[in-house]
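Examination of the molecular architecture
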Amino acid sequence: MKKLYFGSNLKMYKNVHDTMEYLTKLQELTADLDRSRYEMFIIPSFTSLYCASEKIDQNLIRLGAQNMCWEDQGQFTGEISPLMLKELNLQIMELGHSERRHVFGETDQWMNLKVKAALSHGFTALLCIGETDEQKEYGISDEVLRTQLKIGFYGVSPENIGNIWVAYEPVWAIGVNGKPATPEYAQEKHHVIRECLAEIFGEKGREIPVLYGGSVNPGNSNQLIVLPDVDGLFVGRAAWDAEKFNVLIRDAIETYNNQ
Ligand code: 13P
């Protein structure tokens, strides 16, 4: 049986107090889930990371950062170094979230530098990819996804496969104005991604977990988790209440196990 991944990006929400309350409750509620089968991770704001890394058991909930500079140090005002994040014992580095690409103009070439830097510092690199509404309209979604993967992982050795995760997050599906992808569409694109990972890394590339994100909610999570090329759910709004996220995860696991 494949491993399932459940995680959330807290984006620019929750102060330190609220993040700690949320993480503590989520850790408690989900403590019984077998982590060898169900991987859980949360990616809070930078300001909450220190406290979270001190208090949260990363054997239960892995912690990650939402962004990172590719350089260890230097004249990069406003950036955070991999060494600074390593100091907090973080395990996951989220790179290329749609909001980083489309609000802050981050490029595929930067992603490549960041992926390589994250891997060289021992993080799991979680590369987010996804097409915009306009690119979907033009019928170039597959080309866009393949480009993001091929540039993002350019020059990355297959030895790193165990430390790579991919999140497919169609830009048009994310956030308050997003429409979730249909299960059929999600499966089709996850398949394209899996094939491309095999092309980049060889057959072992198929083992890279590919998570779906973008308006995941209790109404679609059970349909998404059973898709053959979906390894997990990367959730925003529907995960930010610990009790509701716990219910969503348990429902998804039950649906998956009963299929
Ligand atoms: P929503 O689930 O709120 O659409 O956000 C998804 C996301 O951006 C996860 O990284």
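The structure under discussion appears in the preceding block.
A short tour of the structure in this document, coming up. (Residues numbered from 1 in each chain as written. Predicted model: local features only at pLDDT ≥ 70, side-chain atom pairs only at ≥ 80, totals over all residues. Heavy atoms only, no water.)

**A look at the site of the ligand**
- Neighbouring the ligand are the residues N9, K11, H97, E169, A173, I174, G175, G214, S215, F234, G236 and R237.
- A distance of 3.0 Å separates an oxygen atom of the ligand from a polar side-chain atom of E169.
- In the model, an oxygen atom of the ligand is placed 2.9 Å from a nitrogen or oxygen of the G236 main chain.
- Relative to its unbound accessible area of 310 Å², the ligand is 99% covered by the protein chains.
- Class assignment for the residues of the shell around the ligand results in three nonpolar, six polar and three charged. (Near = heavy atom within 4 Å. Polar contact = N/O pair within 3.5 Å; in protein donor to acceptor, adjacent residues only side chain to side chain. Areas by Shrake-Rupley, 256 points an atom, 1.4 Å probe, with all protein chains shown as cover. Nonpolar A, V, L, I, M, F, W, Y, C, P; charged D, E, K, R; others polar.)

**Re the packing of aromatic side chains**
- Summed over the entire model, instances satisfying the criterion amount to eight aromatic pairs.
- Pairing F41 with F234 gives two aromatic rings, centres 5.5 Å apart and planes at 40°, and the pair type is tilted. Of this pair, F41 sits in strand β2 (residues 38–43) while F234 sits in strand β8 (residues 232–235), and the two are 193 residues apart along the sequence. Per residue, the accessibility class of F41 equals that of F234, and both read buried.
- Grouping aromatic residues by their ring pairs yields a cluster made of Y5, F41, W165 and F234.
- Sitting above the plane of the F123 ring, K86 keeps its charged end 4.6 Å from the centroid.
- In this structure, K136 is placed above the aromatic ring of W172, and the distance from its NZ or CZ to the ring centre is 4.6 Å. (Phe/Tyr/Trp six-rings, centres within 6.5 Å; stacked < 30°, edge-to-face > 60°. Helix = DSSP H or I, 4+ residues; strand = E, 2+ residues; numbered from the N terminus. Buried < 20%, exposed > 50% of the residue type's maximum accessible area, 1.4 Å probe, protein only. Lys NZ or Arg CZ within 6 Å of the ring centre and 35° of its normal.)

**Let's talk about the packing of helix α1 (residues 16–30) against helix α10 (residues 242–258)**
- Contact geometry for α1 and α10: axes closest at 9 Å, N-to-C directions at 35°. As α1 runs across α10, the sense of the crossing is right-handed. Each of Y22, K25, L26, L29 and T30 in α1 lies in contact with α10, whose residues at this interface are A242, E243, F245, N246 and R250.
- Per-class residue counts for the contact of α1 with α10 are five nonpolar, two polar and three charged. (Axes fitted to C-alpha atoms, helices over the stretch in contact; angles between N-to-C directions. Left-handed = near helix turned anticlockwise from the far one by under 90°. Contact = heavy atoms within 4.5 Å.)

**Some words on the pairing of β2**
- Among the six residues that make up β2, six are buried, leaving the element largely enclosed by the rest of the structure.
- Burial along β2 is two-sided: the residues Y38, M40 and I42 and E39, F41 and I43 are all buried.
- One ladder, built from six bridges, connects strand β1 (residues 4–9) with β2; its direction is parallel. What sits directly across from L4, in β2, is Y38.
- A crossover connection joins β1 to the parallel β2 through α1; in handedness this β-α-β unit is right-handed. (Pairing = 2+ DSSP bridges. Right-handed = clockwise from strand over helix to strand, strands pointing away.)

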